[in-house]
Amino acid sequence: MNMLIFIIAGLLVHCVFLASIFDIYFTSPLVHGMTPQRTPLPPPAKRLVLFVADGLRADTLYELDDNGTSRAPYLRSIIEYKGSWGVSHTHVPTESRPGHVALIAGFYEDVSAVAKGWKENPVEFDSIFNESKYTWSWGSPDILPMFAKGASGDHVYTYCYTAEKEDFGAQDATKLDTWVFDHVKNFFQAARSNQTLFSKVNEEKVVLFLHLLGIDTNGHAHRPNSREYKDNIRKVDEGINNIVSMLEDFYGNDGKTAFILTSDHGMTDWGSHGAGHPSETLTPLIAWGAGVNYPQKVASQFFEDEFLKEWKLEKWKRLDVNQADIAPLMASLIGVPFPLNSVGILPLDYLNNSAHFKAESMFTNAVQILEQFKMKMTQKKETTLSFLFTPFQLLSDTEQINILRKARSYIHQEKYHEVVSLCETLISLALEGLSYYHTYDRLFLGISVVMGFVGWTSYVILLIVKTHTSLTRSTQDNKASTVLLLYGFAAIGILIAFFLLIQTCPWTYYIYCLLPVPVWYAVVKEFRVIQDLVSLLLVFPLGQSIGFLVAGALGIEILVFSFFYRSTLTVGLIAFAGWPLITRLWAQAKVTTLSWTLLCLLLAMFPLMPVVGREPNISLVTVASLVILLISSFSLAFLCKSKNKYVPKKDLTVLLFQMLSIALSTYVVNSTHSSLHHKQGLPVINQIISWITLASSLFVPLLSPTFFFQRLLSILLSLMSSYLLLSTGYEALFPLALSGLMFAWIYMEKEALQHYGDSLKTKLAVLNFSYTTDITQFRQLHLDDIRRSFFFVFFIVTAFFGTGNIASVNSFDPASIYCFLTVFNPFIMGSLLVWKIAIPFVLVSCAFEAVQVTTQLSSKSLFLIVLVISDIMALHFFFLVKDYGSWLDIGTRSKFMQESCWKG
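Summary of the structure given here. Here the residue numbering is sequential within each chain, running from 1 through the sequence in written order. pLDDT decides what is reported in this predicted model: residues at 70 or higher carry local features, side-chain atom pairs at 80 or more are listed and counted, and totals for whole chains, interfaces and linings draw on all residues regardless. The basis for every side-chain value is the complete set of non-hydrogen atoms in the structure, without hydrogens or water.

## Overview of the overall build of the protein chain
- The numbering of helices and of strands both runs from the N terminus, where a helix is a DSSP run of H or I of at least 4 residues and a strand a run of E of at least 2. Of regular secondary structure, the protein chain possesses 36 helices and eight strands.
- For each residue, the accessible area found with a 1.4 Å probe, counting protein chains only, is set against the maximum for its type, and the residue is called buried under 20%, exposed over 50%, and partly exposed in between. When the 904 residues of the protein chain are sorted by exposure, 55% land in the buried category.
- Note on definitions: a residue-residue contact is assigned when non-hydrogen atoms from the two residues lie within 4.5 Å. A fraction of 80% describes how many contacts in the protein chain between residues 6 or more apart in sequence connect residues 24 or more apart.
- Surface exposure of the protein chain reaches about 38900 Å², of which carbon and sulfur atoms provide 63%. The protein chains shown are the only cover counted for residues, whose accessible areas, like all others here, come from Shrake-Rupley with a 1.4 Å probe.

## What about the pattern of salt bridges?
- Only one rule defines a salt bridge in this text: a Lys or Arg side-chain nitrogen within 4 Å of an Asp or Glu carboxyl oxygen. Summed over the entire model, instances satisfying the criterion amount to 24 salt bridges.
- One salt bridge connects R227 with E228, and the closest N-O pair in it is separated by 3.6 Å.
- The class for R227 is exposed, based on a relative accessible area of 55%.

## Focus on the environment of K679
- With respect to the helices and strands, the residue K679 is situated in the loop between α28 (649–677) and α29 (684–696).
- Remark: the alpha-carbon pair of K679 and F168, spanning 511 residues in sequence, is separated by 9.7 Å.
- A 3.5 Å cut-off defines polar contacts: any pair of N or O atoms within that distance qualifies, except that in protein one atom must be a possible hydrogen donor and the other a possible acceptor, and neighbouring residues in sequence count only when both atoms are side-chain atoms. Within the local environment of K679, its side chain forms a polar contact with the side chain of E228, the two groups lying 2.6 Å apart.

## Considering the side chain of T570
- Here T570 shows up in helix α24 (residues 567–577).
- Those residues in contact with T570, other than ones at most four positions away along the chain, are A604, P607 and L608.

## Concerning the environment of Q296
- Along the chain, Q296 falls in the loop between β7 (282–289) and α13 (308–311).
- Residue Q296 is classed as partly exposed on the basis of its relative accessible area of 27%.
- Filtering out sequence-adjacent residues up to four positions away, Q296 remains in contact with K315, W316, K317, L319 and D349.

## Notes on the sheet that holds strand β3 (residues 134–139)
- DSSP-based pairing: two strands are paired if at least 2 bridges between them are found. The sheet built from eight strands is open, its strands ordered β4-β3-β5-β1-β6-β7-β2-β8 with mixed pairing. On the outer flanks of this sheet lie β4 (156–160) and β8 (321–322), each paired with one strand and no other.
- Alignment of strand β2 (residues 84–89) against β8, held across two bridges, turns out to be parallel. Following the sheet pairing, H89 is matched in β8 by N322.

## Notes on the pairing of β3
- Counting buried residues along β3, six of its six residues qualify, which places the element largely inside the surrounding structure.
- Neither face of β3 is exposed, since Y134, W136 and W138 on one face and T135, S137 and G139 on the opposite face are all buried.
- In terms of strand pairing, β3 meets strand β5 (residues 206–212) through five bridges, oriented parallel. Bridge pairing links W138 to L210 in β5.
- As defined by bridge partners, β3 adjoins β4 across five bridges and the pair is classed as parallel.

## A few points about the environment of I143
- The topology assignment puts I143 in the loop between β3 and α7 (144–149).
- When residues no more than four places from it in sequence are discounted, the contact partners of I143 are S96, H100 and H211.

## A few points about the packing of α24 against helix α26 (residues 590–603)
- Lines are fitted to the C-alpha atoms to define the axes, a helix being fitted only along its stretch in contact, and any angle between axes, read from their N-to-C directions, falls within 0 to 180 degrees. Running from N to C, α24 and α26 point in directions that differ by 170 degrees, and their axes come no closer than 8 Å. Here α26 runs roughly antiparallel to α24, going by the angle between their axes. Contact residues: L573, I574, F576 and A577 in α24; W596, T597, C600, L601 and L603 in α26.
- Per-class residue counts for the contact of α24 with α26 are eight nonpolar, one polar and no charged. Each angle is binned into one of four classes, with values under 35 degrees roughly parallel, values over 145 roughly antiparallel, values of 65 to 115 roughly perpendicular, and all other values oblique. Gly is placed with the polar residues, together with every amino acid not listed as nonpolar (Ala, Val, Leu, Ile, Met, Phe, Trp, Tyr, Cys and Pro) or charged (Asp, Glu, Lys and Arg).

## Here's the deal with helix α3 (residues 73–82)
- Those residues of α3 not exposed but buried are Y74, L75, R76, I78, I79 and E80.
- Considering only its buried residues, α3 is in contact with α2 (58–62), β2, α11 (227–250), β6 (257–262), β7 and α13.

## Quick look at the nonpolar core
- Nonpolar core, defined: a set of buried Ala, Val, Leu, Ile, Met, Phe, Trp, Tyr and Cys residues in which side-chain atoms within 4.5 Å join the residues together. In terms of nonpolar packing, the biggest core is built from 129 residues, with F576, W596, L741, W745, F795 and M873 touching the most fellow members.
- By size, the runner-up hydrophobic cluster in this structure holds 69 residues, among which are L285, V336, Y416 and V420.

## Focus on the packing of helix α10 (residues 214–222) against α11
- Look at α10 against α11: their axes get within 8 Å of each other, and the N-to-C directions meet at 170 degrees. One finds that α10 runs roughly antiparallel with respect to α11. Here G214, I215, N218, G219 and H222 of α10 lie close against α11, whose contacting residues are E228, Y229, N232, I233 and V236.
- Each residue belonging to the contact of α10 with α11 can be placed in one class, and the counts come to four nonpolar, five polar and one charged.

## Let's talk about the pairing of strand β1 (residues 47–53)
- In terms of burial, β1 is largely enclosed, as seven of its seven residues are buried.
- The side-chain alternation of β1 yields two buried faces, one formed by R47, V49, F51 and A53 and the other by L48, L50 and V52.
- Of the pairings in the sheet, the one linking β1 to β6 comprises six bridges and is parallel in character. Looking at β6, one finds that L50 is bridged to I260.

That's the geometry; what it means functionally is another story.
The following block contains the structure:
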């Protein structure tokens, strides 16, 4: 197989492997075509007002100040005298989009939807807004449009401020909430003089949605324990009080308005969210008005979180719910159909209505969830052969009919308590059945994809043995057997395609199931190589074979473990520090060995440092810049001395420009954070310098000399200038330690090659990357080259996880991008974060290229070994992927993606 075909085949296999993760683990749970279900009895409320205080923590709202007073006195009075309250338990990932979808649509969104679109629906779904007669909403342009776009008809109206107002560096983010309150007041003021609008707002089944983003913005910018965050809560409390009074006056105190206050997610003490810490998952829920229960006093109550005593609310009954339960609660209050895709369970304790109404509402809730189960089962049944279909046994058609018939009979007999109990059982079974059918094909698809990927990895191993070692004999292929083999695999492919065709499977299933056929054909075709390899292994000493196998397996497991436990990297680096002692390299190169050992131990400290929860420490960024300027000054002096005190003007200009960029970056970082600390915003000149520095860092290294030391130094200086702008603390020192170790690694590999008898004539100092490599000087692979490739993969993992975790959005500190922008923009912010994480990766990749050149190996041979190592790791992660949990939990998918990307 020539190189071009190999590359195309490799890209295809890895793209299929990567894409399969979405079909197997991250398909949308939504089904369509169900009949809307609504409670047949008259609702208690004509309209609903939903306040969502974005990023509001339950403890910060409910707790008392140091002086014993509430920072939200109006809402506190609601809890004590007018309504019901509790904690809404959000699901991870605790982000704004999934949180609002759970609140308003009643289901927990597939996590991949966040990557498909923040402002619009990646898939169509029903919501309370869509089922309402009219919905008016005010707030953020990042939240409101996604509920308006998918609504049927023209009855969901949105009023958004501009995205530029969402500024983390603004003087006061409470202006976002003030904007909402002012526009709601102006809207109803206009309705008094506009007869058409007046008629609409007086209709039944009306929803008013106020999205309040100021608390979240202040939490990110100043942390939840800050004065700004707590003052924002007071402002929101005052605003809600004024809106409620205004609405009661507008509607003539008709008692037909229901109010709900909640939040989409909480926030950690360090101003982030996305994971499953209680500060992120515990959000407030306060409901009052038409159809809502009044406060219920209790003698005692128990909750595991033990917050009640701290909040001084132990006397008022706390009613906790899951976040998706709020959607059916809102539907029941105003009498609209439950959202078609809702999986929420109606919290009856919040309703102030008859037992008959509660029973009918619960029955409607059960039928609505059962409809989804039946539709999911029908869809799966239609794409599976009847003799292969395995139904969900706990909820057969007969069982469904019996439960529904019994529940309806209990309603006629006024046995309402039994109805509720029966419906809760039915809901539990239906939800379990939904999960069963949602994951029905997971095992089948997983086996197909794994077979194809294992075949590919096997082929790459055979290719390494055949073309880059002297372990096999070159023999002529038997054409007759090759043709017979081709026909056999072609027949297998036709049978698989026919089997999928009669089941009307999606087209992607054909790719996953047919891919193993040509891959394994290529493997079996190399039968002679397999024979030679097996023969060699049989004569190889058994003890050494087992030793190599154990060492390889241990190395792979260490790499996999490091994705979950960063401290594993520390253990690995300490082991690397002792490598020269084991191989006796220290005897021939004491200075290089000492440098290697010390730098390994220095780098080993970084994975032990915290990922999140740290406060910005700009002084460490300044220290890092001073160190890199000192290094570049010594380098300049060294170059002048080594070239008889003459450096070409062009080279000198490039180096001085890079040193100037480092100095400017240091100034911008300090100046920006000082300006934001004094609430003066991001200086425009700083922003311009930051973007210019980032852009120049991409091409300036291309202007530097192509000699080994100068080119690598130029890459380091350019990347450090942009890395400093993205740093807020100790991580600014990480690329310096990593780069030092990479230089030491290059020299150590040179010594290692000489140690094993392959002398190098070319000195590193005069090595020129621009010269064409003489392929006649390439050597065959040794066992030690597997160790070199393993080192590279380990350093790549260290580059990604040395100071943080790309798999967790929760570890992202917004302060790291403040030199570039402070206005909320998830895609630009995410791109800057990815670039920050990629910079150490680039440094390691450059060092690996230098190692390849200095050890007289073709880049293809080492690349193939790296490919095998990372493919084996990718298989590990394929079985560890989760489709639930926080970004850190779900991050296995990111790890899987990284593995696939590295191989490119």
